[in-house]
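# Structural characterization, general
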Amino acid sequence: MGKKGDKLFNEVEKFCNKLRPLEDLYYLEHKYNAQLISLAQEFNILGMPVKKRYNGREVDNKTYVKLIERIAMEGTGIRTFFSEHSSLGQKTIQKFASE
């Protein structure tokens, strides 16, 4: 993956490890994990494919897919949260929005 990708993968791994016990509780209670966004912010993994000039991590597509694969191991809802806001939202805005 390269140094940048390895560092980010380690951050995603730490995020997932901290998220897992919380996600288990929310799942059993049939509730949305209200701590998901704050945890993602804590590990700075929101905006992974966003360009650095917009305060993103600017990871390439191959690295991004590997990171999403790891996040997906924590559950479909978690994966959907990341893939929706990143793949559909942020990438689309970067491609078609104007400064």
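A brief report on the enclosed structure follows. All of these numbers come straight from a predicted model, not from anything done at the bench.

Attention now moves to the packing of aromatic side chains. Considering all chains together, one arrives at 3 aromatic pairs under this definition. With a centroid separation of 6.3 Å and 70° between ring planes, the pair formed by Phe15 and Phe43 is classed as edge-to-face. Here Phe15, found in helix α1 (residues 3–28), pairs with Phe43, found in the loop between α2 (36–42) and α3 (61–72); they are 28 residues apart in sequence, far enough to count as distant. For the pair formed by Phe15 and Phe43, the shared burial category is buried. Between Phe81 and Phe82 the ring centres are 5.2 Å apart and the planes differ by 90°, which places this aromatic pair in the edge-to-face class. Here the aromatic cluster, defined as three or more aromatic residues joined through ring pairs, consists of Phe15, Phe43, Phe81 and Phe82.

Tallied over the entire structure, the rule returns 8 salt bridges. Notably, a salt bridge pairs Glu11 with Arg57, separated by 2.9 Å at the nearest N-O pair. Pair noted here: Glu11 is in helix α1 and Arg57 is in the loop between α2 and α3, with a separation of 46 residues, a long-range link. The same class applies to Glu11 as to Arg57, namely buried. For Arg70, the salt bridge goes to Glu13, with nearest N and O atoms at 2.7 Å. With Arg70 in helix α3 and Glu13 in helix α1, this residue pair connects regions lying 57 residues apart in the sequence. With relative accessibility at 27%, the residue Glu13 sits in the partly exposed group. It is possible to trace a salt-bridge network through shared partners that takes in Glu13, Arg20, Asp24, Arg70 and Glu74.

This part is about the nonpolar core. Core analysis: the biggest nonpolar cluster contains 18 residues, and Val12, Phe15, Ile45, Met48, Ile71 and Phe82 have the highest contact counts within it. Every element with two or more residues in this core is listed here: α1, α2, α3 and α4 (76–96). Looking at this core, the element that brings in the most residues is α1, giving 5 residues. Not counting the four nearest positions on each side in its chain, Ile71 is found in contact with Val12, Cys16, Met48, Ile78, Arg79 and Phe82.

So, about the environment of Gly47. Structurally, Gly47 can be placed in the loop between α2 and α3. As for Gly47 and Asn17, which are separated by 30 residues in sequence, their C-alpha atoms are 20 Å apart. Leaving out residues up to four positions away in the same chain, Gly47 has contacts with Gly56, Arg57, Glu58, His85 and Gln90.

Reading the values: rules and limits
- Residues numbered from 1 in each chain as written.
- Predicted model: local features only at pLDDT ≥ 70, side-chain atom pairs only at ≥ 80, totals over all residues.
- Heavy atoms only, no water.
- Phe/Tyr/Trp six-rings, centres within 6.5 Å; stacked < 30°, edge-to-face > 60°.
- Helix = DSSP H or I, 4+ residues; strand = E, 2+ residues; numbered from the N terminus.
- Buried < 20%, exposed > 50% of the residue type's maximum accessible area, 1.4 Å probe, protein only.
- Salt bridge = Lys/Arg side-chain N within 4 Å of Asp/Glu carboxyl O.
- Core = buried A, V, L, I, M, F, W, Y, C linked by side-chain atoms within 4.5 Å.
- Contact = heavy atoms within 4.5 Å.

What is shown is where atoms sit, not what they do.
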